[in-house]
Amino acid sequence: MAKKLMKGNEAIGEAAIVAGAQAYFCYPITPQTEVAEYLAKRMPEVGGVFVQAESELAASQMIFGAAAAGARVFTTSSSPGISLMSEAMSYIAAAELPAVFINIIRCGPGLGGILPSQGDYLQATKGGGHGDYRFLVLAPSTIQETVDLTIEAFRLADKYRNPVMLIGDGLIGQMMEPVDFEGRTAPPRLDTSGWATTGCAGREPHIVKTLFLDPNVLEQRNRKMRDKYEQMKREEVRFETYLCDDAPELLVAAYGTTARVVRTAVDRLREEGVKVGMFRPISVFPFPDEPLRQQALVPSVKAVLVVEMSMGQMLEDVERALQGRRPLHFFGRGGGNVPAPEELVRECRRLLGNGQGGR
Amino acid sequence: MQREVTFAGFGGQGIMTAGKLLALAGMAEGKEVAWIPSYGPEMRGGTAYCTVVIADRLIGSPIVNDPENVFVFNRPSLEKFGPRVRPGGVLLINSSLIDVRSDRQDIVQVCVPCNDIANALKNGRSINLVGLGAFVARTGMVGLDTQRAVLEREFGKKGKGEALRAASEVFEAGVRAVLEGQGAKTP
Amino acid sequence: MGEPITIFKRPASLRDAFTHYCPGCTHGVIHRLIAETLDELGLRERTIGIAPVGCSVLAYNYFYCDFQEAAHGRAPALATGIKRVLPDRIVFTYQGDGDLASIGTAEIVHAANRGEKFTTIFVNNAIYGMTGGQMAPTTMPNQVTTTCPRGRDVNLAGWPLPVADLLAQLRTPSYVERVAVHTPRHIIQAKRAIRQAFQYQAERRCYSFVEVLSTCPTNWGKTPAEACQWLDEVMVPYFKLGLKKSPDRPPVE
């Protein structure tokens, strides 16, 4: 199959179908509504379920119901909608059900705006909903990677019986790039027969619940969930390095669309002979602490710069990973502004003391 | 090697489609491409613009603040994007709707009366294809024949060849406009 | 002497369990009516119930069929999710008045309006039970609760929300009936309505909704007998009993 030029949002819809998603429950919100528009057409074609719910609250609870009934399910939304879905996310994580949530992040807080942002990083990685739970969170930076990670998200959701979230900024949703579905197939489905609520013919009833009033029972569940998150930290860390192998002086950490801008800036600096490398987390929970620390502690690296479309959220994870062992700097844009390569070039020069005016 | 263009105009001028057709031609030539739209409130009656990047390696920043080329289809777009053209780049101006020129001396300005050309062919809605023909002919960002093949593929599906015939007619008129001097350099 | 004849037994759709419900509470009666219906229609093995948040949150400890437990008010959304992916199963939500008529109004109205083919049993006892007797949307005018200690002031809190009557206004075909369980006669009528609701679902006809007026002696501060009398004298005149809407009777244009 030849590559197709697709908008990120449409590519997400097709990727979910390739991944074998059986049901999609949604509520329109910019900048991700094209996913719903795409699936309104596609889901019936593949015998899947499409429901436009009355709110994100309801859409996400439909996901809860359908996931507990054993279906491979997902939804997409954008920041304010994700806040409303956070209720169901907590329940779905608590009930240990597989489901995929995709957040095409817009700028905030509040209604904010509809332009690209990475302002929901903390909400995604530290838990937007209540209680002691985590999502596995992936952050693609191209449309092809969005397709591949969407499919992967369904596999991981099944592997851990835990929700997986994909975060992309508005550009990931709105941009068109060539995508290849060649060789992509649905991950094998988890055996749900031991717990799904499908009617109790021939077996004892299954109960999917999250209320555990006995503290020892609940703590045991908390510990079991913690063990899953620890396993994720061992097995699901993903990252990419760019031009880190030749003793760079400055390491720039960025994810998603921002990492692409950083890449361009790194290329330009390299043309000037300035040695800069990039570290791009792909899994942001689990965060690639150890790989980042290793790159940052290469003796040539004088400092680390974090670039985000926020006022500093992943920064906290980088800070934790570095343990204070390298000077840490931050460059952030907000309000829907995407950092320009030129300003990153200037910032890197400034930090290395060879910008205009010098140090 | 990376080349860029921003198409800018108002909603309904087919700006986004022109960009998509160009990106498809880039793909057909085996290049990396990205099509980046304006979206949101700007889609609703205001200016609409998209940027197309075609490169022979992985495309980094999808945001290009100083595109190599810009094609403006209305006056507000000239004011917004005229100053951003990279020095040495090309600014194409839909002179049917824009009666002024940029005062920049470090870029090449090319006028194409897109609406007049499209209207003369009784296809007033297809000013985007006039512009696309003129743009590809002038900049060579993709091969003209590649672009023609993409039009054939995209419009050939619709109707009984009528859509393709109409699209080709305006596209070729745009090509001729720059090749035969109608799209003369200004002043 | 002949063999002993069993004239009363626990329905197979109920577990052999003691409930946590207060003395005089009518949840137990309503559970039983549902369980008898599942038995009689042979539905137990393909039924998935949804427990709400409220006194009946632990309903899955009493029903002997698959169950899910919802977040507060969201049972109709869960039921929608289940029924859409398993359309040949029987799905019912069991919800109280705080759950359904307050925090979950959007979910119940839209599920009914989409015509989701599941069944809702709505237990209206005019008060929040589990949290200890606060004002519900269905609390009666001047009824005292812990959050309206001088009685419900309809000028500030509005009038009790008549959910069955509201849902009956929807153009989408459905079955809507209001019943009560404070006397044997009413219980027999309630059983007929609940059975009808599940029957319509089994036939894949329509959304079905039965509002059951129920007692809460503990939070009403009454004996069980007084509670039944209060339900009859105060609730029934306001929450009119009877069939509100039927798929067999298309609305008049």
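This text goes with the structure placed above it.
All figures in this text were calculated on a predicted structure; none of them were measured in a lab. The residue numbering used here restarts from 1 in each chain and proceeds along that chain's sequence as written. As a convention, the first chain written is A and the first ligand written is 1, with the rest following in written order. Only residues with pLDDT of 70 or above have their local features reported here, since the model is predicted, and side-chain atom pairs are shown and tallied only from 80 upward, although totals for entire chains, interfaces and linings are computed over all residues. The basis for every side-chain value is the complete set of non-hydrogen atoms in the structure, without hydrogens or water.

**Student:** Honestly, the interface of chain A and chain B in this entry has me stumped. Any pointers?
**Tutor:** By a widespread convention, an interface's size corresponds to the accessible area lost as its parts come together. Any two residues whose heavy atoms approach within 4.5 Å are treated as being in contact. Counting residues at the interface gives 26 residues for chain A, matched by 22 residues for chain B. Between chain A and chain B lies a buried interface of about 2000 Å² when both sides are counted; carbon and sulfur atoms form 68% of it. Salt bridges, as used here, are contacts in which a Lys or Arg side-chain nitrogen is within 4 Å of a carboxyl oxygen on Asp or Glu. Connecting chain A to chain B are 1 salt bridge. With a shortest N-O distance of 3.6 Å, Asp267(A) and Arg57(B) are connected by a salt bridge. Pairs of N or O atoms within 3.5 Å make up the polar contacts considered here, provided that, within protein, one atom can donate a hydrogen while the other can accept it, and that residues adjacent in sequence are counted only when both atoms are side-chain atoms. Linking chain A with chain B are 5 residue pairs in polar contact (both at pLDDT 80 or more). Among the secondary structure elements, those contributing two or more residues to the side of chain A that touches chain B are β1 (4-7), α7 (170-174), β8 (176-179), α9 (256-271) and α12 (341-351) of chain A. With 6 residues, α9(A) is the single largest residue contributor to the side of chain A that touches chain B. Once two parts are joined, some of their accessible surface, as seen by a 1.4 Å probe, is lost; buried area is that loss totalled over both. For helices the rule is a DSSP run of H or I covering at least 4 residues; for strands it is a run of E covering at least 2, with both sets numbered from the N terminus onward.

**Student:** Sorry, what's going on with unusual backbone geometry here?
**Tutor:** Excluding glycine, residues mostly carry a negative phi; peptide bonds, for their part, are mostly trans. All names here are of chain A. Cis geometry is found at the peptide bond from Thr30 to Pro31, where omega equals 5°. Along the polypeptide, Pro31 turns up in the loop between β2 (23-26) and α2 (33-45). Geometrically, the link from Gly108 to Pro109 is a cis peptide bond, its omega value of 5° lying close to zero. Its place among the elements puts Pro109 in the loop between β5 (100-105) and α5 (121-126). Of note in the backbone geometry, Leu243 takes a positive phi value of approximately 55° without being a glycine.

**Student:** Explain the nonpolar core to me, please; I cannot follow it from the model alone.
**Tutor:** A general tendency of soluble globular proteins is for nonpolar side chains to be buried together. Only buried Ala, Val, Leu, Ile, Met, Phe, Trp, Tyr and Cys residues count toward a nonpolar core, and they belong to the same one when joined by side-chain atoms within 4.5 Å. Relative accessibility thresholds used throughout: buried, under 20% of the residue-type maximum; exposed, over 50%; partly exposed, between the two (1.4 Å probe, protein chains only). Among the nonpolar cores identified, the biggest contains 155 residues, and Phe74(A) and Phe209(C) are the most heavily contacted of them. Examining the composition of this core, we find that 9 residues originate from one element, helix α6 (residues 143-160) of chain A, more than from any other. Beyond its immediate sequence surroundings of up to four residues, Phe74(A) is in contact with Ile12(A), Ala16(A), Ala21(A), Ala23(A), Tyr24(A), Phe25(A), Leu39(A), Ile63(A), Val100(A), Ile102(A) and Phe154(A). In this structure, Leu21(B), Leu129(B), Val136(B) and Leu151(B) belong to the second largest nonpolar core, which totals 46 residues.

**Student:** So what exactly am I meant to see when it comes to the pattern of salt bridges here?
**Tutor:** Proximity of charged atoms lets side chains of opposite charge pair with each other. All told, the structure shown has 61 salt bridges over all chains when counted by the stated rule. Residue Arg293(A) is joined to Glu290(A) by a salt bridge in which the shortest nitrogen-to-oxygen separation is 2.3 Å. In this pair, Arg293(A) and Glu290(A) are both assigned in helix α10 (residues 289-296), 3 residues apart and thus about one turn of the helix distant. For Arg293(A), a relative accessible area of 15% corresponds to the buried category. With its nearest N and O atoms 3.6 Å apart, the salt bridge here joins Glu203(C) to Arg205(C).

**Student:** I would appreciate a short explanation of the interface of chain A and chain C in the present structure.
**Tutor:** Residue-level contacts link 36 residues of chain A with 32 residues of chain C. Around 2600 Å² of area is buried between chain A and chain C when both sides are counted, 60% of it from carbon and sulfur atoms. Scanning the region where chain A abuts chain C turns up 3 salt bridges. With a shortest N-O distance of 2.7 Å, Glu87(A) and Arg74(C) are connected by a salt bridge. At the junction of chain A with chain C, the criterion picks out 17 residue pairs in polar contact (both at pLDDT 80 or more). For the side of chain A that touches chain C, the secondary-structure elements that each account for two or more residues are β2, β3 (49-52), α3 (56-68), α4 (79-94) and β9 (207-208) of chain A. Here the nonpolar group is Ala, Val, Leu, Ile, Met, Phe, Trp, Tyr, Cys and Pro; Asp, Glu, Lys and Arg are the charged ones; every other residue, Gly included, is treated as polar. Grouping the amino acids of the side of chain A that touches chain C by side-chain chemistry returns 22 nonpolar, 9 polar and 5 charged. In this analysis, strands are considered paired if DSSP registers two or more bridges between them. Pairing geometry for β9(A) and strand β2 (residues 66-69) of chain C, over 2 bridges, is parallel. Pairing of Ile207(A) across the sheet is with Phe67(C), part of β2(C).

**Student:** Can you walk me through helix α4 (residues 105-114) of chain C in this structure?
**Tutor:** Side chains of residues three or four places apart in an α-helix project in the same direction, reflecting 3.6 residues per turn. Residue and element names in this part refer to chain C. For α4, the full list of buried residues reads Glu107, Ile108, Ala111 and Ala112. Projected down its long axis, α4 carries its buried residues within an arc of 120°, all on one side. Phi turns positive, to about 70°, at Gly115, one or two residues after α4. Within this analysis, the arc is defined by the directions that extend from the helix axis to the C-beta atoms.

**Student:** Which parts of the structure should I look at to understand the sheet that holds β9(A)?
**Tutor:** Adjacent strands of a sheet pair through backbone hydrogen bonds, lying either parallel or antiparallel. Strand order in the open sheet made by the 8 strands is β9(A)-β2(C)-β1(C)-β3(C)-β4(C)-β6(C)-β5(C)-β7(C), with mixed pairing throughout. Each edge of the open sheet carries a strand with a single partner, namely β9 of chain A together with β7 (242-245) of chain C. Where strand β5 (residues 174-180) of chain C and strand β6 (residues 207-213) of chain C come together, 7 bridges link them in parallel fashion. What sits directly across from Tyr175(C), in β6(C), is Ser208(C). Comment: axis = line fitted to C-alpha atoms, over the contacting stretch for helices; angle = value between 0 and 180 degrees taken between N-to-C directions. Of the strands in this sheet, β9 of chain A together with β2 of chain C touch α3(A), which is tilted by about 150° from β2(C). Against the sheet, helix α2 (residues 75-85) of chain C touches β1 (47-51), β2 and β3 (90-96) of chain C, its axis set at about 175° to β3(C).

**Student:** Any chance you could explain the arrangement of the chains here in plain terms?
**Tutor:** Contacts are most numerous between chains A and C, taken over all 2 pairs of chains that touch. In this view chain B stays clear of chain C, with the nearest C-alpha atoms of the two still 28 Å from each other.

**Student:** For this particular structure, what's the right way to read the layout of surface pockets?
**Tutor:** Where empty space is left in the structure can be found by rolling a water-sized probe over the atoms. Definitions used for this entry: grid spacing 1 Å over protein atoms alone; cavity, a set of points where a 1.4 Å probe fits but cannot get out; pocket, an open set with protein on both sides within 12 Å along at least 5 of 7 lines; lining residue, one with an atom within 4 Å of a point. Grid points are joined across faces, edges and corners, and a volume is the space filled by probe spheres set on the points. A volume near 540 Å³ is recorded for the largest pocket. As for the largest pocket, its lining consists of 25 residues, and the residues nearest its centre are Val338(A), Tyr49(B), Ile63(B), Asn65(B) and Arg84(B). Listing elements by their share of the lining of the largest pocket, those giving two or more residues are β2 (32-37), β3 (47-55) and α2 (75-81) of chain B. Broken down by class, the residue content of the lining of the largest pocket amounts to 14 nonpolar, 6 polar and 5 charged. Inspection of the lining of the largest pocket shows a minimum of three residues originating in each of domain 1 (4-185 + 210-235) and domain 2 (240-351) of chain A. Bear in mind that the domain bounds are from an automatic or database domain assignment.

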